[in-house]
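Survey of secondary and tertiary structure
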Amino acid sequence: MPERIPKALRAALARHRPKLLPDFDRNWREKIADTFDLAPVPAFMARWWAEFALARDPQLETKLHRLEDEASQATDNALAKGLVEEAGRLRREAGKEEPGQ
């Protein structure tokens, strides 16, 4: 994992997961660049930090997307809730990665 700063995270995405870069840049422009307010930066970094951590582990990323897909198609509310909770847990765990890991 890179340093936990936007510039380092963007460089890591460009180097290791370039397919995510257009979404990262668009999200940066929407949430940060035009706001003249740094308050949203921590939430932006938390989201993209977890996205990059997940993208580094293709099996985990596939599992997460499968859970989300199954939840979106579930007709049983309890099952859908459980799938969404598991996907959320995986995202939270990925977000705990530290620089250098």
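You'll find the structure just up there.
Values in this document were obtained by computation on a predicted structure and should not be read as measured data. (Residues numbered from 1 in each chain as written. Predicted model: local features only at pLDDT ≥ 70, side-chain atom pairs only at ≥ 80, totals over all residues. Heavy atoms only, no water.)

A short note on the nonpolar core
Formally: In plain words, nonpolar cores are sets of buried Ala, Val, Leu, Ile, Met, Phe, Trp, Tyr and Cys residues tied together by side-chain atoms within 4.5 Å. Only protein chains enter the area calculation, which uses a 1.4 Å probe; residues under 20% of their type maximum are buried, those over 50% are exposed, and those in between are partly exposed. The helix and strand labels rest on DSSP assignments: H or I over at least four residues marks a helix, E over at least two residues marks a strand, and numbering proceeds from the N terminus. By the convention used here, residues are in contact when the closest approach between their heavy atoms is within 4.5 Å.
Residues Leu9, Leu13, Phe24, Phe44, Trp48 and Phe52 are the most contacted members of the largest nonpolar core, which totals 25 residues. Looking at this core, the elements with two or more residues in it are α1 (6-16), α2 (21-33), α3 (41-55), α4 (58-73) and α5 (77-94). Broken down by element, the residue count for this core peaks at 10 residues, all from α3. Excluding residues within four positions of it along the chain, Phe52 makes contact with Met1, Pro2, Leu9, Ala12, Leu13, His16 and Arg17.

Considerations on the environment of Ala94
Note on placement: Ala94 falls in helix α5. With relative accessibility at 6%, the residue Ala94 sits in the buried group. When residues no more than four places from it in sequence are discounted, the contact partners of Ala94 are Trp49, Ala50, Ala53 and Leu54.

Details of the packing of aromatic side chains
Rule in force here: Two rings from Phe, Tyr or Trp (for Trp, the six-membered ring) form a pair when their centres are within 6.5 Å of each other. A pair whose planes differ by under 30 degrees is stacked, one over 60 is edge-to-face, and the rest are tilted.
Enumeration according to the criterion identifies 4 aromatic pairs in this entry. Relative to Trp48, the ring of Phe24 has its centre 5.3 Å away and its plane inclined at 80°; by these criteria the two rings are edge-to-face. Here Phe24, found in helix α2, pairs with Trp48, found in helix α3; they are 24 residues apart in sequence, far enough to count as distant. When its relative accessible area of 2% is taken as the criterion, Trp48 is described as buried. Pairwise contacts between aromatic rings join Phe24, Trp28, Phe44 and Trp48 into one cluster.

With respect to the pattern of salt bridges
Short version of the rule: Definition used for salt bridges: Asp or Glu carboxyl oxygen within 4 Å of a side-chain nitrogen of Lys or Arg.
Evaluated as defined, the whole model comprises 11 salt bridges. Of the charged contacts, one joins Arg56 and Glu97 as a salt bridge, the two residues approaching to 3.7 Å between their closest N and O atoms. With Arg56 in the loop between α3 and α4 and Glu97 in the segment after α5, this residue pair connects regions lying 41 residues apart in the sequence. Judged by its relative accessible area of 34%, Arg56 is partly exposed. The salt bridge involving Arg66 is made with Glu70; its shortest N-O contact spans 3.0 Å. Remark: Glu70 and Arg66 occur in helix α4; sequence separation between them is 4 residues, near one turn of the helix.

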